[in-house]
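Analysis of the macromolecular model
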Amino acid sequence: MNDKFDMTETLEAITDNQENIDKSVQQHVSGNRNIVPPNGDIPQSILERHPLLTQKGIVNLKKIANHPDTPQWNYFTIGDKVTNGDIEAVNKFRKEFLNDLPLSNNTLPSNNTLPSNNTPPLKIIRFVENMRTKSSWFREVIPEGTDLKSNWHSIQTMKRKDLLTSMTEIIPVREDYDRMIVYDTSGTTGHSIIVPHHPQTLALNHVFAEFVLKVYGKPFDFSSPLACINVCAQQNTYVFYNVFSVWNEAGFAKVNLKESQWPTGIEGARRFFKDGAPHIITADPVSIGEMMKWELPVRPAVIFSTALTLSKKLKTMAEEYFQCPVINWYSTTETGPIAFEPNNNSNVADLQIFTHDLFVEILDEHGFPVPDGTVGEITVTGGRNLWLPLLRYRTGDFASFSAGDHTCLRDFQGRKPVIFRATDNSIVNSVDIGRTIRLACTFVEHQFKQYADESCVLTIRPLPGININSEVVRNRIYELFGEKINLTISILDTDSDKKLIPYISE
Amino acid sequence: MKTPPIEVFTRHLTQIPDVFLQSPLQGGHGKVAVWAVVADLLFDKRKKLLSESNYKHFSKPGARDKNYLKQVLVCCWLFHHPYLQQHDFDGNKILSFLKDGLKKLAKLVAAEQFVSDTDRREELVRLVFKLLEITVDGETPQQAEDRLKALDSVERDRIIRHTKKQREHARKVKAALEAQRAAEAASRYSRE
């Protein structure tokens, strides 16, 4: 372990280029219970959540559950809901995606099937044509008879607000409504939204992790009891364990680096990680910093840095500490994985787009592509979410394309960290601010700004027809910052076009 | 003067010069200055230049307005038919049609359809006839109204939206979203 680790430096590295996103999580269940089924037949109630669970999976579940240093799990009714049909779909996708791509240069191919100009490839055109027969939204924004190739840019962009107000129209007609699962987005750029997902979609996302392992020359090894750990460092979040059918029932755990949630303390957490020996760790940069602070003795094959942008400084520190690649990973709840940091040791922080089933554009405010080299909004069409087909969806993140190459994102400007100070000088995380505001009111966009004199201004654009009680919001903010904070609350008109940056701190 | 048959006008639409179907000028994008074409069409009838607000209207910067502006160009070509040029139709009425009358159509029908599709050509011609109160020889007003209704893209869209299948889909989606929001979600290996 690195005895000279300095958390101050880590915090600087994080705040240098990260943004805390909010995670609205309510703890529905508390206390430790054991989800591991008894020996013998697997109960039907568990098979409903986990249709392909076998005795092998149970063995792995038991290994996790019976470890003497487990954290205090708070979510027990989890499963991957993956069926044999989903496995077939994953295998087909895996074959197309992994085997058809030349990997000699460790990058995705840059051939003429990929977008080299501003119009989508045939695969995406077909996807949109297909969705036009299934989704009211697609029919509404694409006039009858439109030549998609030549009139692509006249198609109305889909915004976050549309997911909030028109989800029923966007969701395509399918047969398996009972297989819909629902996530809240983190609400980085506004109020959290409900995003429908499909178990198959989540299963397909595993293939992207496999691909990046391959790109980095790492083996595909899920033999350890706990093959993958998702690490968080939050006030409050779900923590649970599971096995993934799509990864041969490899063990998985989501844990939170909050000391009170580890009955045997930080020492216990260290033993849990050491014995688990995860092959993959996924974590946001704040959590990666916390992993170093906790001095977790793990040597995974890779760490995927998700949710926030990973700064070069933190990446270097973490790679040295954990002796493995720490890979910037760009993904949203709405889209799934969009891009990853390629293995090219370049000083330019490009992100390689998963162009296999996504068409990414960089657009100006009017919906036209910006010239190469100019920063614009990352906009996505396609994807693999069976319940949420995306058509020119504005992600709220910004980047540019380098000249003639539309397979890499450059100058990525999304998701930067913002740290605030309470009246007692303690740090207030934007994660907590976002959750607090959402608990107090319903809104489309917000901005929380703290000036150098520590006074704060909260600006909210409510949903049409929703009244906001400023006093309720004010009292919630006082709980975070203390009652002595100088706070001004401003409510915008619902039809205001003013674009709000969610978090600003001077 | 006897009104020529509908087919004369629909044929006129098929003879539209390519330039009318090129991309409208929007900011730094496109080629055809729609406001100039509209100004040219209306100057003879209104004897005045296009106002600043109308200029802005026909220079809409949003990419999503491209189809609307292309429809305006197609209409301008139609209004340039010699029969329509010879008669002293109300320029303000035409301006109002170009500004507001195409709003819904632009969301439903690609401008090119007013050239390439038989029914859409006839629909546009009949809409213009209705606007200018032109009666087709041998057709009663009721017959003209019925024919337009049969071709009406807006009405067709309204019917599609309210089919039983669509209503049933909306109900199932709402029920699934509500039910699943309260239920447990499947686990994923990372957070976004």
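Here the structure is a predicted model, which means the values were calculated and not measured. Throughout, residues of each chain are indexed from 1 in the direction in which the sequence is written. Chains carry letters from A onward and ligands carry numbers from 1 onward, assigned in written order. Confidence filtering applies because this is a predicted model: local features only for residues at pLDDT of at least 70, side-chain atom pairs given and counted only at 80 or more, and all residues used for totals across whole chains, interfaces and linings. Only hydrogens and water are set aside; all other atoms, that is, all heavy atoms of the structure, feed into the side-chain values.

Helix and strand definitions follow DSSP, with helices as H or I runs of at least four residues and strands as E runs of at least two, each counted in order from the N terminus. With respect to the helices and strands, Lys312(A) occurs in helix α12 (residues 312-322). The sequence separation of Lys312(A) and Asn328(A) amounts to 16 residues, and the corresponding C-alpha distance is 9.6 Å.

Next up on the list: the pattern of salt bridges. Every case where a carboxyl oxygen of Asp or Glu lies within 4 Å of a side-chain nitrogen of Lys or Arg is listed as a salt bridge. In the structure shown here, the tally under the stated rule is 26 salt bridges over all chains. With its nearest N and O atoms 3.3 Å apart, the salt bridge here joins Glu133(B) to Lys93(B). In this pair, Glu133(B) sits in the loop between α9 (118-131) and α10 (141-151) while Lys93(B) sits in helix α6 (residues 91-101), placing the two residues 40 residues apart along the sequence. Each residue's exposure class comes from its accessible area (1.4 Å probe, protein chains only) as a fraction of the maximum for that residue type: buried when under 20%, exposed when over 50%, partly exposed otherwise. Exposure remark for Glu133(B): the relative accessible area of 63% places this residue in the exposed category. On the basis of relative accessibility, which here comes to 30%, the residue Lys93(B) falls in the partly exposed class. Among the salt bridges present, the one from Arg126(B) reaches Glu122(B), with a minimum N-O distance of 2.8 Å. Residue Arg126(B) and its partner Glu122(B) are both found in helix α9; the two are separated by four residues, about one turn of the helix. Linked through salt bridges whose partners overlap, the residues forming this network are Glu144(A), Arg120(B), Glu123(B) and Arg156(B).

With that settled, the discussion passes to the packing of α9(B) against α10(B). Residue and element names in this part refer to chain B. Relative orientation of the contacting elements α9 and α10 amounts to 135 degrees, with a least axis distance of 9 Å. Considering the angle they form, α9 stands oblique to α10. Both α9 and α10 take part in a crossing whose hand is left-handed. Contacts between α9 and α10 involve Asp119, Arg120, Glu122, Glu123, Arg126, Leu127 and Lys130 on the former and, on the latter, Ala144, Glu145, Arg147, Leu148 and Leu151. Class assignment of the residues belonging to the contact of α9 with α10 gives a composition of four nonpolar, no polar and eight charged. For helices, the fitted axis covers only the stretch in contact; all axes are lines through C-alpha atoms, and the angles between them, taken along N-to-C directions, range from 0 to 180 degrees. For this classification, under 35 degrees means roughly parallel, over 145 means roughly antiparallel, 65 to 115 means roughly perpendicular, and everything else is oblique. Left-handed describes a crossing in which the near helix is turned anticlockwise from the far one by less than a right angle; the clockwise case is right-handed. In what follows, a contact means two residues having at least one pair of non-hydrogen atoms within 4.5 Å. Throughout, the ten residues Ala, Val, Leu, Ile, Met, Phe, Trp, Tyr, Cys and Pro are labelled nonpolar, Asp, Glu, Lys and Arg are labelled charged, and all others, Gly among them, are labelled polar.

Residue and element names in this part refer to chain A. When DSSP finds two or more bridges between a pair of strands, those strands are recorded as paired. Read from one edge to the other, the open sheet built from four strands follows the order β19-β18-β17-β20, with strand pairing classed as mixed. Either end of the sheet is taken by a strand with one partner, and the two such strands are β19 (487-491) and β20 (503-505). Taken over all neighbouring pairs, the strand axes of this sheet differ in orientation by 10 degrees on average, direction set aside. As paired elements, strand β18 (residues 456-462) and β19 share five bridges and run parallel to each other. In the sheet register, Thr459 faces β19, and the bridge partner there is Ser490. Sitting on the sheet, helix α14 (residues 470-481) is in contact with β17 (443-450), β18 and β19, with an inclination near 145 degrees to β19.

Below, the discussion takes up the nonpolar core. Take the buried Ala, Val, Leu, Ile, Met, Phe, Trp, Tyr and Cys residues and link them wherever side-chain atoms come within 4.5 Å; each set so joined is a nonpolar core. By size, the foremost hydrophobic cluster in this structure holds 46 residues, and its most contacted members are Val38(B), Phe58(B), Val72(B), Phe79(B), Leu84(B), Leu98(B) and Leu132(B). When contributions to this core are tallied by element, the ones reaching two or more residues are α1 (6-14), α2 (34-46), α4 (66-79), α5 (82-86), α6, α7 (103-108), α8 (113-116) and α9 of chain B. It is α4(B) that contributes the most residues to this core, 10 residues altogether. Look past the residues within four positions of Val38(B) in its chain and what remains in contact with it is Leu50(B), Phe58(B), Val72(B), Cys76(B), Leu95(B) and Leu98(B). Counting 39 residues, the second largest nonpolar core, distinct from the first, contains Ile58(A), Ile64(A), Val239(A) and Ala318(A).

Time to look at the packing of aromatic side chains. For this analysis, a ring pair means two rings from Phe, Tyr or Trp (six-membered ring only for Trp) whose centres lie within 6.5 Å, classed as stacked if their planes differ by under 30 degrees, edge-to-face if by over 60, and tilted for the remaining angles. Applying the stated criterion across every chain yields a total of 35 aromatic pairs over all chains. Whether a charge sits over a ring depends on NZ of Lys or CZ of Arg being within 6 Å of the ring centre and within 35 degrees of the ring normal. The ring centre of Trp387(A) lies 5.5 Å from the NZ or CZ of Arg174(A), which sits over that ring.

We now examine the interface of chain B and chain A. The interface is formed by 41 residues belonging to chain B together with 65 residues belonging to chain A. Summed over both sides, the interface between chain B and chain A buries roughly 4,500 Å², with carbon and sulfur atoms accounting for 55% of that surface. Between the two partners, chain B and chain A, sit two salt bridges. Within 3.5 Å is the distance limit for a polar contact, defined as a pair of N or O atoms, with the added protein rule that one can donate a hydrogen and the other accept it, and that residues adjacent in sequence qualify only through two side-chain atoms. Counting every contact that joins chain B to chain A gives 10 residue pairs in polar contact (both at pLDDT 80 or more). When contributions to the side of chain B that touches chain A are tallied by element, the ones reaching two or more residues are α4, α7, α11 (153-161) and α12 (164-182) of chain B. Simply put, the buried area is the total loss of 1.4 Å probe accessible area from both parts when two parts are fitted together.

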